[in-house]
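Here are the chains, one letter per residue:
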Amino acid sequence: MKRIKLSDEEWTRILVSLKKLPGVHIGLPDICRQFVNAILWILRTGAQWRVLPSTYGKWNSIFKRFSR
């Protein structure tokens, strides 16, 4: 079965690691998780940013955040 999103266990591990990094602002964990899932979708598919499914948010906003 093809995995599309992070499991709850995987997300918990990533969130703990992100919170330990100095200078990294998490904000709302659910929004951060959606962002990470969007980045993983781009990396897994190799697709262009413009074809990112709208369930992850606006592609341009996600791209800008990623490029920062």
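Our subject is the structure that appears above.
In short, a report on the structure. (Residues numbered from 1 in each chain as written. Predicted model: local features only at pLDDT ≥ 70, side-chain atom pairs only at ≥ 80, totals over all residues. Heavy atoms only, no water.)

Here's the deal with helix α2 (residues 29-45)
Here comes step 1: Helix length check: α2, at 17 residues, gives a terminal C-alpha distance of 24 Å against a target of 24 Å (1.5 Å per residue), a fit within 8%.
Here comes step 2: On the buried face of α2, the contacting elements are α1 (8-20) and α3 (59-67). (Helix = DSSP H or I, 4+ residues; strand = E, 2+ residues; numbered from the N terminus. Expected span 1.5 Å × (residues − 1). Contact = heavy atoms within 4.5 Å.)

Some thoughts on the pattern of salt bridges
Here comes step 1: Enumeration according to the criterion identifies two salt bridges in this entry.
Here comes step 2: In this structure, D8 engages R33 in a salt bridge whose closest nitrogen and oxygen atoms are separated by 3.0 Å. Residue D8 is found in helix α1, and its partner R33 is found in helix α2; the two are separated by 25 residues along the sequence.
Here comes step 3: D8 gets classed as exposed once you look at its relative accessible area, which sits at 56%.
Here comes step 4: Across the salt bridge formed by E9 and R13, the nearest N and O atoms sit 2.5 Å from each other. Of this pair, E9 and R13 both sit in helix α1, separated by four residues, roughly a single helical turn. (Salt bridge = Lys/Arg side-chain N within 4 Å of Asp/Glu carboxyl O. Buried < 20%, exposed > 50% of the residue type's maximum accessible area, 1.4 Å probe, protein only.)

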